[in-house]
Amino acid sequence: DVKVTQSSRYLVKRTGEKVFLECVQDMDHENMFWYRQDPGLGLRLIYFSYDVKMKEKGDIPEGYSVSREKKERFSLILESASTNQTSMYLCASRVVGSPLHFGNGTRLTVT
Amino acid sequence: AQSVTQPDIHITVSEGASLELRCNYSYGATPYLFWYVQSPGQGLQLLLKYFSGDTLVQGIKGFEAEFKRSQSSFNLRKPSVHWSDAAEYFCAVGGDNYGQNFVFGPGTRLSVLP
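What counts and how
- Residues numbered from 1 in each chain as written.
- Chains lettered and ligands numbered in written order.
- Predicted model: local features only at pLDDT ≥ 70, side-chain atom pairs only at ≥ 80, totals over all residues.
- Heavy atoms only, no water.
- pLDDT = per-residue confidence, 0-100.
- Helix = DSSP H or I, 4+ residues; strand = E, 2+ residues; numbered from the N terminus.
- Contact = heavy atoms within 4.5 Å.
- Buried area = accessible area lost by both parts, 1.4 Å probe.
- Salt bridge = Lys/Arg side-chain N within 4 Å of Asp/Glu carboxyl O.
- Polar contact = N/O pair within 3.5 Å; in protein donor to acceptor, adjacent residues only side chain to side chain.
- Nonpolar A, V, L, I, M, F, W, Y, C, P; charged D, E, K, R; others polar.
- Pairing = 2+ DSSP bridges.
- Axes fitted to C-alpha atoms, helices over the stretch in contact; angles between N-to-C directions.
- Disulfide = S-S within 2.5 Å.

Caption draft 1: Spotlight on the confidence of the model for chain B. When pLDDT is averaged along chain B, the result is 91, and 94% of the positions lie at 70 or above. Per-element confidence in chain B ranges from a low mean pLDDT of 87 for strand β11 (residues 102-104) of chain B to a high of 98 for strand β3 (residues 19-21) of chain B.

Caption draft 2: Local environment of the environment of Leu-43 of chain A. Counting through the fold element by element, Leu-43 of chain A comes out in strand β5 (residues 42-51). The spatial distance from the C-alpha of Leu-43 of chain A to the C-alpha of Leu-90 of chain A is 8.6 Å, given a sequence separation of 47 residues.

Caption draft 3: Just the interface of chain A and chain B, in detail. Between chain A and chain B, the contact holds 22 residues from the first and 22 residues from the second. In total, about 1,800 Å² of surface goes out of reach between chain A and chain B, with carbon and sulfur atoms giving 59% of it. There are zero salt bridges connecting chain A and chain B. Inspection of the region where chain A meets chain B yields four residue pairs in polar contact (both at pLDDT 80 or more). Among the elements of the structure, β4 (31-38), β5 and β9 (87-94) of chain A are those that each provide at least two residues to the side of chain A that touches chain B. A total of six residues in the side of chain A that touches chain B trace back to one element, the largest contributor, which is β5 of chain A. Looking at side-chain class alone, the side of chain A that touches chain B contains 12 nonpolar, seven polar and three charged residues.

Caption draft 4: Geometry of the sheet that holds strand β7 (residues 64-70) of chain A. Residue and element names in this part refer to chain A. Taking strand neighbours across the sheet as the criterion, the four strands line up as β1-β3-β8-β7 in an open arrangement whose pairing is antiparallel. The open sheet has two edge strands, β1 (4-6) and β7, and neither has a second partner. Sheet twist, expressed as the average angle between the axes of neighbouring strands with direction ignored, equals 20 degrees. Of the pairings in the sheet, the one linking β1 to strand β3 (residues 19-25) comprises three bridges and is antiparallel in character. Following the sheet pairing, Thr-5 is matched in β3 by Val-24.

Caption draft 5: Looking closely at the state of the cysteines. All names here are of chain B. Under the criterion given, the structure shown has two disulfides over all chains. The disulfide partner of Cys-23 is Cys-91, and the gap between their sulfur atoms is 1.9 Å. For the disulfide bridge between Cys-23 and Cys-91, the dihedral angle about the S-S bond is near -65 degrees, and by the sign convention the bridge is left-handed. Here Cys-23, found in the loop between β3 and β4 (24-26), pairs with Cys-91, found in strand β10 (residues 87-94); they are 68 residues apart in sequence, far enough to count as distant.

Put into structure tokens, the structure is as follows:
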């Protein structure tokens with residue numbers, strides 16, 4: 001079974017802090033994704049990566065960056081957290097032609 | 001541009017009743033279609049997928065979905081709902097391109113009455 005692990009279930013940070021959300025998958029998947037999920041807005045793609053050191057902007061990349069130094073790990077970085085980045089963040093991975101496999105999510109609160 | 005609509009924001013059914021959740025998509029090529037379920041505070045779990053072949057696909061937990069190309073629909077069904085099915089359900093469409101992202105519908109929240 002594919003396992004996608006997000007390092008934190010709940011995170012509380014202060015405005016202006018630099019925040020790292022970590023995601024690790026154990027199935028050698030090429031593609032990895034970061035989504036945010038907000039009530040009424042569904043899932044919105046922030047960034048995705050189709051290979052190590054490769055990244056593509058999704059629909060809402062502003063205020064975020066990503067890092068993929070190793071195939072199994074995809075990090076989402078909030079350079080300077082703001083209250084409007086309070087949300088549920090979901091990491092996912094896949095091989096081309098297969099469904100997305102999701103982690104359990106990180107609920108981030110920025111105060 | 002690809003898109004997914006789920007016309008029902010919230011559905012309530014009684015335990016034991018049948019269920020149908022609607023999904024319509026817009027996609028320029030042959031779509032890959034998915035249904036996911038999300039329990040409160042959890043990530044999304046894949047219920048079933050359609051890639052090609054038989055248009056009626058079976059999934060986990062007794063769910064099935066039917067792909068109808070002429071109607072651009074991929075509705076999810078279950079003959080008898082259990083209280084544990086209460087959750088949010090997302091329909092998604094995605095291609096097979098390298099790095100191709102997915103588009104998710106807004107979700108349908110299912111409540112189950114005892």
